[in-house]
Amino acid sequence: MAQLETLFATRVYRARLGGRNSVRLLADLRATCLAVAAEDTAGQRWSRENAYPGYTSYASLNDLPWRMPAFADLQRHLDAHVKRFAQALELDLGERPLVLDSLWINVLEPGGSHAAHIHPNSVVSGTCYVAVPKGASAIRFEDPRLGQMMAAPPRRPDARPENRAFVSIVPQPGTVLLWESWLRHDVPVNRARQRRISVSFNYRWE
């Protein structure tokens, strides 16, 4: 009898922030993200110079959990989610935990997008979605084997997610997504009339 086995699976972790105070935390994060975006002139300049369609603190602020209680609270949630994801991946971390390496704000304007990329020098990357207006961009993941599929036919439109070359996930406010940092991903054009706000992050092996 023929048998199909799944080898080398690519895992993406999806959860809600959760907890009794999650609604308040999302509201605090939204207000804080917008306040930082309005005041961070270095981040605004970097966003302009690098054609980022909106605002990101990626290159200007590296201590948000230390600066602001909302991000410190968020980090506590993220630490727990990353620990569960690492267990699901069966990572052999020994006595060296995964620790937050960087965390940054993304405010994507209507019509903006983010080109495909990976997150070098980290183990787990992810995003927590703060504001996702109707019509806002999904996040799209690329099959890491795509470059080796030299003569492969296209997949059927109704192919299961695990057989597709690209898979999009539409988040909601409060969605936490985690993936291994080598997984290439992009954000298509934001077709909402409002800004899409998220907080992205990297965890490294200490």
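Residues numbered from 1 in each chain as written. Predicted model: local features only at pLDDT ≥ 70, side-chain atom pairs only at ≥ 80, totals over all residues. Heavy atoms only, no water.

Caption draft 1: Expanded view of the pattern of salt bridges. For the structure shown, the criterion picks out 9 salt bridges. Note that Glu-162 and Arg-160 form a salt bridge whose closest N and O atoms lie 2.7 Å from each other. Exposure remark for Glu-162: the relative accessible area of 51% places this residue in the exposed category. (Salt bridge = Lys/Arg side-chain N within 4 Å of Asp/Glu carboxyl O. Buried < 20%, exposed > 50% of the residue type's maximum accessible area, 1.4 Å probe, protein only.)

Caption draft 2: Representation of the sheet that holds strand 8 (residues 175–180). Taken in spatial order, the 6 strands of this open sheet run 1-8-5-10-3-2, and their pairing is antiparallel. Taken across any chain shown, the strands that pair with only one partner, and hence form the sheet edges, are strand 1 (12–16) and strand 2 (54–56). Taken pair by pair, the neighbouring strands of this sheet meet at an average axis angle of 20°, ignoring direction. Here strand 2 runs beside strand 3 (residues 98–108); their pairing, made up of 3 bridges, is antiparallel. The residue bridging Tyr-55 from the neighbouring strand is Val-107, located in strand 3. Strands strand 2, strand 3, strand 5 (124–131) and strand 10 (196–205) of the sheet are contacted by helix 1 (residues 22–39), whose axis makes an angle of about 95° with strand 5. (Pairing = 2+ DSSP bridges. Helix = DSSP H or I, 4+ residues; strand = E, 2+ residues; numbered from the N terminus. Axes fitted to C-alpha atoms, helices over the stretch in contact; angles between N-to-C directions. Contact = heavy atoms within 4.5 Å.)

Caption draft 3: Spatial organisation of the packing of aromatic side chains. Within this structure, the stated rule accounts for 5 aromatic pairs. An angle of 50° between the planes, with centres 5.7 Å apart, marks the rings of Tyr-13 and Phe-85 as tilted. Taken as a pair, Tyr-13 in strand 1 and Phe-85 in helix 4 (residues 69–88) lie far apart in primary sequence, 72 residues in all. Summarising the burial analysis for this pair, Tyr-13 and Phe-85 share the class buried. Ring geometry for Phe-201 versus Tyr-203: centroids 6.1 Å apart, planes at 85°, classification edge-to-face. The exposure class assigned to Phe-201 is buried, which follows from its relative accessible area of 0%. Tyr-203 sits in the buried class, given a relative accessible area of 0%. Taken together, the ring pairs connect Trp-46, Tyr-58 and Trp-104 into an aromatic cluster. If you follow Arg-96 out to its NZ or CZ, it ends over the ring of Trp-205, 3.7 Å from the centre. Sitting over the face of the ring of Phe-166, Arg-140 holds its NZ or CZ atom 4.4 Å from the ring centroid. (Phe/Tyr/Trp six-rings, centres within 6.5 Å; stacked < 30°, edge-to-face > 60°. Lys NZ or Arg CZ within 6 Å of the ring centre and 35° of its normal.)

Caption draft 4: Broad picture of helix 4. Taking 1.5 Å of rise per residue, 20 residues should cover 28 Å, and helix 4 covers 29 Å from first to last C-alpha, within 8% of that figure. If you check which residues of helix 4 are buried, you get Ala-70, Phe-71, Asp-73, Leu-74, Leu-78, His-81, Val-82, Phe-85 and Ala-86. Glu-90 sits one or two residues past helix 4 and shows a positive phi near 60°. (Expected span 1.5 Å × (residues − 1).)

Caption draft 5: How the structure looks around helix 1. Relative to the 26 Å expected for 18 residues at 1.5 Å per residue, helix 1 spans 25 Å between its end C-alpha atoms, a close match to the ideal helical length. Where helix 1 is concerned, the buried positions are Ser-22, Leu-25, Leu-26, Leu-29, Thr-32, Cys-33, Val-36 and Ala-37. Each buried residue of helix 1 sits inside an arc of 135° when the element is viewed along its axis, so together they form one side. In helix 1, the exposed positions angled more than 90 degrees off the buried face are occupied by Val-23, Ala-38 and Glu-39. On its buried side, helix 1 packs onto helix 2 (41–49), strand 2, helix 4, strand 3, strand 5 and strand 10. (Arc of directions from axis to C-beta.)

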